[in-house]
Structures are given as structure tokens and as C-alpha cells.
Amino acid sequence: MTGPVIEAEGLGKRYGRGRGQAQGQGRGWALRDCSFQLPAGRVCALVGPNGAGKSTLLALAAGLLRPTEGAIRGPGRDRLAYVAQDKPLYPQLTVDETLRMGAELNPGRWDAATARRIVTDGGLDPTTRVRALSGGQRTRVALALALAKRPELLLLDEPMADLDPLARHQLMGALMADAAEHGTSVVMSSHILTELEGACDHLLLVDGGRIRLGGPIDDLLAAHTLLTGPVADLAPHTVVESRTTGRQLTALIRAQGRVDGPWETAEPTLEELLLAHLRSPQAPTLLTEGATA
């Protein structure tokens, strides 16, 4: 597909309202006033602290929740796949029965060879019931169902949390290779930044129920400069975060013109960029041109 695979405008989701709480008050909002778009074909890292709204955003994109306000547009349910944190599967079914169910529910789109390969690579016995599988094994079955559906959009909520490091590396490699081969758009939340940095080319940072950063990772990194040197005035630059130790200044800025001064400059790493923004919730939002709805 061409154009954005997801587009949100003024998106908000609220979970309930306490007694005496007036309509429109902020408490209870998991997301509020989110506007962004994700170009098709991207592998997007969805990051943020616990409770930031990541799972809510994925469930809204999957069509499992209705927005309280605004709108979100994307592929229909027959053209997307969603793997939730708890990997809900039917415990009484065997692995083989689970895959057969996937084939029956997705006629005309099911890739049986992909499903079988992912399960076989994990050494799973197809006659084992789902309730007898470990958390990591259930993850593998859930990802087999999702990929074999051949979705245009794949939504993954902490998909590798149950896997050991070796299995995580192997399955992530298989997932990224499959997405690249078929042009699948992927949105994946994770707290493991090294896992995302090597796999993703797009970023959405959610914090406090809103999008703080959005766009291609290379563009976002290039828009920031890491400064170290003596304490000095940083005007006219936009300061995301600054810390002083003795007479030494370390700051992450968005440069406004040339960076003049007695500083050493470098492009930040993805981890440095994200941590600086998370430590500075009042830093201005930045969405690149391609990420702006």
C-alpha cells in the first residue's frame, strides 16, 4: 500500500470517570490529543515508560478499542495482525490445532509454510496443548499465527518479553526478514532499546498519554546534538536536557543554526535521545514532516 498505514488525528482514550469528575478533565486519560501518521513499509519502535499509553495505542490501531475522542485510521482487521502482551490463545487446543484454526479463519491469505517454520524452528511438538507450553513457546505460536496471516500491518505489544536472549535474537531476525520480504509495516513496543535500535527505522515515543517524538530514527537523531564542555549560555538553541557536574556541562539540544562555543559536539545514540526526553517531560514535541498527520 502507499501513503500512511496508520493515521491518527486528535486521538484520545479515557478509561472511566470517578464520581463527581466533570467531562473533559484529564484524569483517566490513557491517551490525549495524539496526531501522527506512520508511512507504509516502516518498522516502528513504540517506546515509553510503563503506563504511557503504548498498549492502548496498539489496541486502538487494531480496532479492539473505540477512541473517546478523535480518530485513528488503518487497515481493516482482515489486513492486520495484533499480538497482545498476554498472547491469548486457546489453552485446550494443540499447537497443530491452533495453526489449523488460523488457516480456517484466514482463507485466501494463510501462509502455512511460514507458520510451520516458526513453530518447527522453536522445537515445538505439534501435538502439545497450548496450556502446557512455556511463556516463550506461546509467544512463538502467537507470532506464527500473526505472520502467517500475511498482514499489511503487524502490531506487537512487548512481543519478546518471555523469550531468553538467544531465542529473542533468533525470532527477531526471522520477524524482520519476513517483514522486509513482504513489505509488512510493523509497530513494536519494547523496553529493550538495543532490541529496537537494530531492527527499527521509525520511532514513536509516547509519554504522559501523548506523542513526544515521531519520525524516522535517523532524522530524529540528526535533529539533535549532544554537547559537552564548560558551562555557557545555550541560547538560541532548544534545550531538551542539560546537566552540570562541577564546571562541566552536558546537554542535548536541537540546534538553531550553527553551534558556536567551546563545546565538543556529537550525534546522540538512540538510547541517549530517548532517556533525555523521558527525563525532561516538558521538552518540546518533535514530529518530522513525514510523521505529522
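Above this note sits the structure.
Residues numbered from 1 in each chain as written. Predicted model: local features only at pLDDT ≥ 70, side-chain atom pairs only at ≥ 80, totals over all residues. Heavy atoms only, no water.

(A) Broad picture of the side chain of Arg-140. Within the secondary structure layout, Arg-140 lies in helix α4 (residues 135-148). For Arg-140, the residues in contact, after removing those within four places along its chain, are Ile-118, Val-119, Asp-121, Gly-122, Leu-124 and Leu-171. (Helix = DSSP H or I, 4+ residues; strand = E, 2+ residues; numbered from the N terminus. Contact = heavy atoms within 4.5 Å.)

(B) Inspection of the packing of aromatic side chains at higher detail. Following the criterion strictly, the structure yields zero aromatic pairs and no others. Note that Arg-32 overlies the ring of Trp-29, its terminal NZ or CZ placed 3.9 Å from the centroid. (Phe/Tyr/Trp six-rings, centres within 6.5 Å; stacked < 30°, edge-to-face > 60°. Lys NZ or Arg CZ within 6 Å of the ring centre and 35° of its normal.)

(C) Representation of the layout of surface pockets in the model. The volume enclosed by the largest pocket comes to roughly 700 Å³. Lining the largest pocket are 23 residues, with Ala-81, Tyr-82, Pro-88, Leu-145 and Lys-149 positioned closest to its centre. (1 Å grid on protein atoms, 1.4 Å probe; cavity = no way out; pocket = protein on both sides within 12 Å on 5 of 7 lines; lining within 4 Å. Points joined across faces, edges and corners; volume = space filled by probe spheres on them.)

(D) Region of interest: the environment of Thr-56. Relative to the helices and strands, Thr-56 resides in helix α1 (residues 54-61). Measuring from C-alpha to C-alpha, the distance between Thr-56 and Asp-233 comes to 41 Å, with 177 residues separating the pair along the chain. Those residues within four positions of Thr-56 in sequence are excluded, and the remaining contacts are Lys-13, Tyr-15, Ala-30, Leu-31 and Leu-65. Among the polar contacts listed, one links the side chain of Thr-56 to the side chain of Tyr-15, at a separation of 2.9 Å. (Polar contact = N/O pair within 3.5 Å; in protein donor to acceptor, adjacent residues only side chain to side chain.)

(E) Representation of the sheet that holds strand β1 (residues 4-14) in the model. If you walk across this open sheet you meet the three strands as β2-β1-β4, and the pairing is antiparallel. Both outer strands of the open sheet, β2 (29-39) and β4 (69-73), are each paired with one neighbouring strand and no more. Between one strand axis and the next, the sheet turns through 15° on average, direction left out of account. (Pairing = 2+ DSSP bridges. Axes fitted to C-alpha atoms, helices over the stretch in contact; angles between N-to-C directions.)

(F) Inspection of the pattern of salt bridges at higher detail. Taken as a whole and assessed by the stated rule, the structure comprises 12 salt bridges. With a shortest N-O distance of 3.0 Å, Asp-178 and Arg-150 are connected by a salt bridge. With Asp-178 in helix α5 (residues 165-182) and Arg-150 in the loop between α4 and β6 (153-157), this pair connects stretches of sequence that are 28 residues apart. Asp-178 sits in the buried class, given a relative accessible area of 5%. Among the ionic contacts, a cluster of salt bridges with common partners joins Asp-96, Arg-100 and Arg-116. (Salt bridge = Lys/Arg side-chain N within 4 Å of Asp/Glu carboxyl O. Buried < 20%, exposed > 50% of the residue type's maximum accessible area, 1.4 Å probe, protein only.)

(G) Quick peek at the sheet that holds strand β12 (residues 248-254). The four strands are arranged β11-β12-β10-β13 in an open sheet whose pairing can be described as antiparallel. Looking at the sheet topology across the chains shown, the edges are occupied by β11 (238-245) and β13 (264-266). Direction aside, the axes of adjacent strands within the sheet are offset by 15° on average. Pairing of strand β10 (residues 225-230) with β12 involves six bridges; the strand directions are antiparallel. Among the inter-strand pairings, Leu-227 is bridged to a residue of β12, identified as Ala-251. The strands touched by helix α8 (residues 270-279) within the sheet are β10, β11 and β12, with β11 carrying the most contacts at an inclination of about 90°.

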